[in-house]
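Chain and residue survey
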Amino acid sequence: GINAEYGKQWYQRRVRGSQYICKMLFVSLVSLVLLGRVIPAPTTGTTDPVWEPTTGPDITSTSVPSDNICDEVLFGAGPLNANYGQDIAHRLHSMTVEDIKYYFGVSVTLDNGIPTVNTNLTANAQRVLPDAPVAGYDGAFLTQAMKQLDKVLSNMDDPDWAIVNYSLVEKIAHSFHMSELWARSKSHYDMLAMEPLPEEVCECLTSSQSDVIPALELLALKIKFPGLTSGQDTPPAAPPAAGRKGDIGKAYKLYIETDKKGPAGSPRVARSADQVAPGYDIYAVHVPKTPDEYSLSIDVEWNKEYRRHLRNFDFTGTDEDVIRKAREELVDGDEGLEEHLDSEAGWDTWREGFKNMDDFGNYQFAAYMHCKLR
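Here's what I pulled together on the structure shown here. As the structure is a computational prediction, the values presented were derived from the model and not from experiment.

This next bit is on the overall build of the protein. Along its length, the protein carries 12 helices and 6 strands. Burial analysis of the protein (374 residues in total) assigns 45% to the buried set. Residue pairs at least 24 apart in sequence account for 74% of intrachain contacts in the protein once pairs closer than 6 positions are excluded. Carbon and sulfur atoms make up 56% of the accessible area of the protein, which totals about 18900 Å².

Below you can see the structure in the form of structure tokens.
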């Protein structure tokens, strides 16, 4: 029954925890060697040996190769995988102070160190914020669903808010989708509270050389300028202020971490006699179209190279400067969302995509929040 299933899940978690501890012991030994720590021989009778680190890798630098020591700590033999930056950025990008309190039970200050994407999409506004902002939910509403719905509807006339070219329905669906991810992450977060991650894992996961901030910067660009990294000659979607209310164009592609290229039997909705819509693009990865194209594909080598390149990309400057550089240097084949959620058939595809999400992405986000909030 339910108790038997719970017991099975508990046992599996304990086994995974034991396996993880063994892995981390191995990583600790490897780390000591890589850091060049040695115990010098004692010189005279009663002198105790002391730790004296030699020159090792600079773990504070942002310009480091992807196969640095933190990669080994995090997923070489650690608890995460190479997509941790993308998984965490996806769940971070609309987090607020109130959401942190509701889903993780921690009250944070305005200076909280939880980075998010700025919902202000006006020209040259800071794209990534260093701290989660206050949402300002209306306390008159009791449920989180009504608070979030009120937030979306209260900004429905602002074309410079949240996500470029998303329809009202898509913004509501996106808001509830994020709540679902946070709620699913909570069980992993609670488990980590009982079996905390080693300090070296948290140091690497939250350090300046991790993949999280570069992935968040890239996500912010795609939200504001969908299609920017497609590799096509056409310019990215115009900034929202240049559009008109009700004029829905290309938008940010909502990614679902799944091992499928799309839900089985994804419906295709006919738009005209000679055109069949390609479906609603909520897929997780881009397969490289040419040998020289960087990609966030499931191919390990492509992924490793793209991560290295992304870490060294300069996201500073005006929108115009960054757009120019990103179009040339961050090509991953992402054409953005071209078919919108405007029918039951479209929702069938979105719903199946949500249901087929990879839960490991939630664990990776929980690990990040565990490290940030403990």
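On we go.
Right, let's get into the packing of helix H5 (residues 144–153) against helix H6 (residues 168–194). It is the contact of H5 with H6, at a shortest axis distance of 10 Å, that shows an interaxial angle of 145°. The element H5 and its partner H6 pack so that their crossing is right-handed. On the side of H5, the interface is formed by Ala-145, Gln-148, Leu-149, Val-152 and Leu-153, while H6 contributes Leu-168, Lys-171, Ile-172, Ser-175, Phe-176, Ser-179 and Trp-182. When its residues are assigned to classes, the contact of H5 with H6 shows 8 nonpolar, 3 polar and 1 charged.

Counting across every chain of the model gives 9 aromatic pairs. Relative to Tyr-103, the ring of Tyr-102 lies with its centre 4.8 Å away and its plane at 75°, an arrangement referred to as edge-to-face. What links up through ring pairs into an aromatic cluster is the set Tyr-102, Tyr-103 and Trp-182. Sitting over the face of the ring of Phe-313, Lys-325 holds its NZ or CZ atom 5.7 Å from the ring centroid.

Let us look at helix H10 (residues 319–329). Looking only at H10, the buried set comprises Asp-319, Val-322, Ile-323, Lys-325 and Ala-326. Of the surrounding elements, those touching the buried residues of H10 are helix H8 (212–224).

Turning our attention to the pattern of salt bridges. Counting across every chain of the model gives 15 salt bridges. The shortest N-O distance in the salt bridge between Asp-319 and Arg-127 comes to 2.8 Å. Placement of the pair is Asp-319 in helix H10 and Arg-127 in the loop between strand S3 (116–117) and strand S4 (128–129), with a sequence separation of 192 residues. Residues Arg-374 and Glu-199 are paired through a salt bridge, measuring 3.0 Å at the closest nitrogen-oxygen approach. Residue Arg-374 is located in the segment after helix H12 (360–373), and its partner Glu-199 is located in helix H7 (residues 199–205); the two are separated by 175 residues in the primary sequence.

Summed over the entire model, instances satisfying the criterion amount to 2 disulfides. Across the disulfide from Cys-70 sits Cys-204; the S-S distance is 2.1 Å. When the S-S torsion is -75°, as for the bridge of Cys-70 with Cys-204, the disulfide is left-handed. Residue Cys-70 is located in helix H2 (residues 69–76), and its partner Cys-204 is located in helix H7; the two are separated by 134 residues in the primary sequence. Like Cys-204, Cys-70 is buried. Here Cys-202 engages in a disulfide with Cys-371; their sulfurs sit 2.1 Å apart.

One can find Gln-126 in the loop between S3 and S4. Sequence separation between Gln-126 and Thr-316 is 190 residues; the distance between their C-alpha atoms is 9.5 Å. At 2.9 Å, the side chain of Gln-126 and the backbone oxygen of Val-128 are in polar contact.

Of all hydrophobic cores here, the largest spans 54 residues; its most connected members are Leu-92, Leu-205 and Met-369. Elements represented by at least two residues in this core include exactly H2, helix H3 (84–92), helix H4 (97–104), H6, H7, H8, helix H11 (344–355) and H12. With 8 residues, the single largest contributor to this core is H12. If we ignore the near neighbours within four places in the chain, the residues touching Met-369 are Leu-92, Ile-100, Phe-104, Ile-114 and Tyr-189. Leu-310, Phe-313, Phe-315 and Ala-326 belong to the second-largest nonpolar core, a separate cluster that totals 12 residues.

Outside of glycine, negative phi angles account for most residues, and trans bonds account for most peptide bonds. We note that Asn-124 has phi near 65°; this positive angle belongs to a residue other than glycine. Tracing the backbone through its elements, the reader meets Asn-124 in the loop between S3 and S4. Unusually for a residue other than glycine, Asn-165 sits at a positive phi of about 65°. Structurally, Asn-165 is set in the loop between H5 and H6. Classification of Asn-165 as partly exposed rests on a relative accessible area of 21%.

This next bit is on the environment of Asn-155. Looking at where Asn-155 falls in the secondary structure, it is placed in the loop between H5 and H6. Given the relative accessible area of 17%, Asn-155 is considered buried. As for Asn-155 and Leu-168, which are separated by 13 residues in sequence, their C-alpha atoms are 9.6 Å apart.

Scoring rules and cut-offs
- Sequence positions are assigned chain by chain, starting from 1 and proceeding in written order.
- A pLDDT threshold of at least 70 governs which residues receive local features in this predicted model, and a stricter bar of 80 or more applies before side-chain atom pairs are shown or counted, although totals over entire chains, interfaces and linings include all residues.
- Excluded from the side-chain calculation are hydrogens and water; included are all heavy atoms of the structure.
- Each helix is a run of DSSP H or I of at least 4 residues and each strand a run of E of at least 2, with the numbering of both proceeding from the N terminus.
- Residue burial is assigned from relative accessible area. The probe radius is 1.4 Å, only protein chains are included, and a residue is buried under 20% of its type maximum, exposed over 50%, and partly exposed in between.
- Throughout, a residue-residue contact means that at least one pair of heavy atoms, one from each residue, lies within 4.5 Å.
- Using the Shrake-Rupley algorithm and a 1.4 Å probe, accessible areas are obtained, with residue cover drawn only from the displayed protein chains.
- Every axis corresponds to a line fitted to the C-alpha atoms, with the helix fit spanning only the stretch in contact, and the corresponding angles, defined between N-to-C directions, vary from 0 to 180 degrees.
- Should the near helix be turned anticlockwise from the far one by less than a right angle, the crossing is left-handed, and should it be turned clockwise, the crossing is right-handed.
- Residue type decides the class: Asp, Glu, Lys and Arg count as charged, Ala, Val, Leu, Ile, Met, Phe, Trp, Tyr, Cys and Pro as nonpolar, and the leftover types, Gly among them, as polar.
- Aromatic rings from Phe, Tyr and Trp, with only the six-membered ring used for Trp, were paired whenever their centres fell within 6.5 Å, and each pair was classed as stacked if the ring planes differed by under 30 degrees, edge-to-face if by over 60, and tilted otherwise.
- Throughout this description, the term charge over a ring refers to an Arg CZ or Lys NZ atom that lies within 6 Å of the ring centre and within 35 degrees of the ring normal.
- Note on definitions: salt bridges are taken to be side-chain nitrogens of Lys or Arg within 4 Å of carboxyl oxygens of Asp or Glu.
- The disulfide definition used here is simple: a pair of cysteine sulfur atoms within 2.5 Å.
- A 3.5 Å cut-off defines polar contacts: any pair of N or O atoms within that distance qualifies, except that in protein one atom must be a possible hydrogen donor and the other a possible acceptor, and neighbouring residues in sequence count only when both atoms are side-chain atoms.
- The definition of a nonpolar core used throughout is a set of buried Ala, Val, Leu, Ile, Met, Phe, Trp, Tyr and Cys residues joined through side-chain atoms within 4.5 Å.

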